[in-house]
Amino acid sequence: MAQKHATHCKIDHYYKLENKCLELKRLVMEKTEELKRRDKIIALLENEIDDKDATIRHLKNEIDKYRQVVKPLTKQILQRVDVEDDRSIKAPGVENTRVLPLGEPRLKRTAISAEPLSSLSQDCEMRLIKIPKNHKSRELIKGAILDNDFMKNLEMTQIREIVDCMYPVEYAAGSLIIKEGDVGSIVYVMEG
């Protein structure tokens, strides 16, 4: 009888262990599924963050482009106002002297150096050759120029002329187009 009781206790003990093992396996599966769900959510959130970062970069570029257009226009308007102020009747005195407030930042001066057209022979007539382009290509070239630290300060008419005169050139993959130290007489805008 004692042996029967011991065998029954062992079976009962194995049954309890088996139930506990099944319960632990079920818990592991639940936690694994929960981790998979969380990984999916994390991946979605990371993609959303990447999208928002890209949007922020795009908007910053657009703001820079906007500033490049608005600053010169604002400067022209202020110069016109100054000219109109100079034309008005002024009585002598301190009230007519123009003093900038202390906190107002000074405008940074920028310049681009090139040979003046007058240095070219007067006999030869300069004619720009305009290359037809679709809207997408025009916007790509204009955006590249406005993103370039050296060229972004050009006037919009100059930028339009550059865009009009640029032409497409195709190179094989792996070709050397330009290297550091080369004379910079050509502007390249990479597409694609």
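Per an unreviewed UniProt entry, the protein goes by the name cAMP-dependent protein kinase type II-alpha regulatory subunit and belongs to Danaus chrysippus. Its UniProt record gives the protein the following Sequence similarities (unreviewed entry) comment, quoted word for word: "Belongs to the cAMP-dependent kinase regulatory chain family."

Our next topic: the environment of Asn61. One can find Asn61 in helix H1 (residues 2-87). The spatial distance from the C-alpha of Asn61 to the C-alpha of Asp147 is 7.3 Å, given a sequence separation of 86 residues.

Looking at the protein, pLDDT values average 77 and 73% of them are 70 or higher. The least confident element of the protein is H1, whose mean pLDDT is 83; the most confident is helix H2 (residues 135-147), at 89. Here residues 88-101 is modelled with pLDDT under 50, and outside its nearest four sequence neighbours on either side it reaches 4 contacts, counting other chains as well.

A few words now on the nonpolar core. Counting 8 residues, the largest nonpolar core consists of Ile141, Ile145, Leu146, Met151, Leu154, Ile159, Val163 and Met166. Elements that contribute at least two residues to this core include exactly H2 and helix H3 (156-165). Broken down by element, this core gets its largest block of residues, 3 residues, from H2. Beyond its immediate sequence surroundings of up to four residues, Leu146 is in contact with Lys65, Lys152 and Ile159.

Quick look at H3 now. Looking only at H3, the buried set comprises Ile159, Val163 and Asp164. Down the axis, H3 shows its buried residues gathered within 135° of arc, on one side only. In this fold, the buried residues of H3 make contact with H2.

Taken as a whole and assessed by the stated rule, the structure comprises 11 salt bridges. With a shortest N-O distance of 3.8 Å, Lys16 and Asp12 are connected by a salt bridge. Of this pair, Lys16 and Asp12 both sit in helix H1, separated by 4 residues, roughly a single helical turn. For Lys16, a relative accessible area of 52% puts it in the exposed group. A salt bridge links Lys52 to Glu48, with the nearest nitrogen and oxygen atoms 3.4 Å apart. With Lys52 and Glu48 both in helix H1 and 4 residues apart, the pair spans about one turn of that helix. Look at Lys52 and you get partly exposed, because its relative accessible area is 48%.

Another point: the UniProt feature "coiled-coil region" (unreviewed entry) in the protein. With numbering aligned to this structure, UniProt lists the feature "coiled-coil region" (unreviewed entry) at residues 42-69. The span residues 42-69 is 100% helical and 0% strand by assignment, and the distance between its end C-alpha atoms comes to 41 Å.

All right, on to the environment of Tyr66 then. Along the chain, Tyr66 falls in helix H1. Exposure remark for Tyr66: the relative accessible area of 57% places this residue in the exposed category. Tyr66 sits 80 residues away from Leu146 along the chain, and the two C-alpha atoms are 9.6 Å apart.

Rules and cut-offs
- Residues numbered from 1 in each chain as written.
- Predicted model: local features only at pLDDT ≥ 70, side-chain atom pairs only at ≥ 80, totals over all residues.
- Heavy atoms only, no water.
- UniProt positions renumbered as here; feature names shortened; annotations may be inferred.
- Helix = DSSP H or I, 4+ residues; strand = E, 2+ residues; numbered from the N terminus.
- pLDDT = per-residue confidence, 0-100.
- Contact = heavy atoms within 4.5 Å.
- Core = buried A, V, L, I, M, F, W, Y, C linked by side-chain atoms within 4.5 Å.
- Buried < 20%, exposed > 50% of the residue type's maximum accessible area, 1.4 Å probe, protein only.
- Arc of directions from axis to C-beta.
- Salt bridge = Lys/Arg side-chain N within 4 Å of Asp/Glu carboxyl O.

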